[in-house]
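# Secondary and tertiary structure notes
The primary structure of each chain is shown beneath.
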Amino acid sequence: MMNIVELYEKAIELYNAGDIEGMSETWDEKIVIRNVTDGSVVASNKAQALEVFKKQNKYQPTQIFVEKTQVMGDKLVVFEREFDNFAHETDAICIFECDHDHFKNIWWVF
């Protein structure tokens, strides 16, 4: 059984290697991903989330570098710096919640 930090590290390692399918194995079937900035739901299940990540990775591949992580109760707060192939840099704060070795909720702030 992985703790939430190990699960996140596995997901980011797979993402940075371009293995979106592998990364999706860290998600619950009913994962919900939200953009905190505008309140929108980015995906409300694993199939939708996989579609979003595959599309993003195809058109604008990104490498994620972890600036800092902090466990707060049952959530992991991560400060990330993302770089794409066009030399764009984005800072993000992500909050992850897991249940039984899978992420069930992710909140993004860009």
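Heads up: the structure comes first, above all this text.
Read on for an overview of the structure. (Residues numbered from 1 in each chain as written. Predicted model: local features only at pLDDT ≥ 70, side-chain atom pairs only at ≥ 80, totals over all residues. Heavy atoms only, no water.)

### Points about the overall build of the protein
Check the secondary structure of the protein and you find 3 helices and 6 strands. The linear arrangement of helices and strands in the protein, starting from the amino end, is α-α-β-β-α-β-β-β-β. The C-alpha radius of gyration of the protein comes to 13 Å, within 12% of the 13 Å expected for a compact globule of 110 residues. Relative to its full complement of 110 residues, the protein shows a buried share of 36%. Residue pairs in contact within the protein that sit at least 24 positions apart in sequence constitute 42% of those at least 6 positions apart. A total of about 6500 Å² of accessible surface is found on the protein, and carbon and sulfur atoms cover 53% of it. One way to put it: in the protein the 11 positive side-chain charges average out to a point 5 Å from where the 20 negative ones average out. (Helix = DSSP H or I, 4+ residues; strand = E, 2+ residues; numbered from the N terminus. Rg over C-alpha atoms; globule rule 2.2 N^0.38 Å. Buried < 20%, exposed > 50% of the residue type's maximum accessible area, 1.4 Å probe, protein only. Contact = heavy atoms within 4.5 Å. Areas by Shrake-Rupley, 256 points an atom, 1.4 Å probe, with all protein chains shown as cover. Lys, Arg positive; Asp, Glu negative; His and termini not counted. Charge placed at Lys NZ, Arg CZ, Asp CG, Glu CD.)

### Points about the state of the cysteines
Considering all chains together, one arrives at 0 disulfides under this definition. Note on Cys-94: no disulfide assigned, nearest cysteine sulfur contributed by Cys-98 at a separation of 15 Å. Note on Cys-94: relative accessible area 1%, which makes it buried. Take Cys-98: its relative accessible area is 22%, and that puts it in the partly exposed class. (Disulfide = S-S within 2.5 Å.)

### Points about helix α3 (residues 46-59)
Between its terminal C-alpha atoms α3 stretches 20 Å, which fits the 20 Å expected from 14 residues at 1.5 Å a residue. Buried-residue contacts for α3 involve α1 (4-16), α2 (20-24), β1 (27-35), β2 (40-43), β3 (62-72) and β6 (102-109). Where α3 begins, the capping side chain belongs to Asn-45, and its oxygen is found 3.1 Å from the backbone nitrogen of Ala-47. (Expected span 1.5 Å × (residues − 1). Polar contact = N/O pair within 3.5 Å; in protein donor to acceptor, adjacent residues only side chain to side chain.)

### Considerations on the packing of aromatic side chains
Enumeration over the complete set of coordinates arrives at 6 aromatic pairs. Aromatic side chains Phe-65 and Phe-83 sit 5.5 Å apart centroid to centroid with 75° between the ring planes, which places their arrangement in the edge-to-face category. Of this pair, Phe-65 sits in strand β3 while Phe-83 sits in strand β4 (residues 75-84); the two residues are 18 residues apart in sequence, bridging distant segments of the chain. A relative accessible area of 44% means that Phe-65 is categorised as partly exposed. (Phe/Tyr/Trp six-rings, centres within 6.5 Å; stacked < 30°, edge-to-face > 60°.)

### Observations concerning unusual backbone geometry
Phi is positive for His-100, close to 55°, though the residue is something other than glycine. Mapped onto the secondary structure, His-100 falls in the loop between β5 (89-99) and β6. Unusually for a residue other than glycine, Asp-101 sits at a positive phi of about 65°. Its place among the elements puts Asp-101 in the loop between β5 and β6.

### So, the pairing of β5
Note that β4 and β5 share 9 bridges and pair antiparallel. Across the sheet, the residue bridging to Lys-75 is Glu-97, located in β5. In sequence, β4 turns back onto β5 through a hairpin of 4 residues, with Ala-87 there showing a positive phi of about 65°. Once β5 ends, the chain turns through 2 residues before running back antiparallel as β6, passing His-100 with a positive phi of about 55°. (Pairing = 2+ DSSP bridges.)

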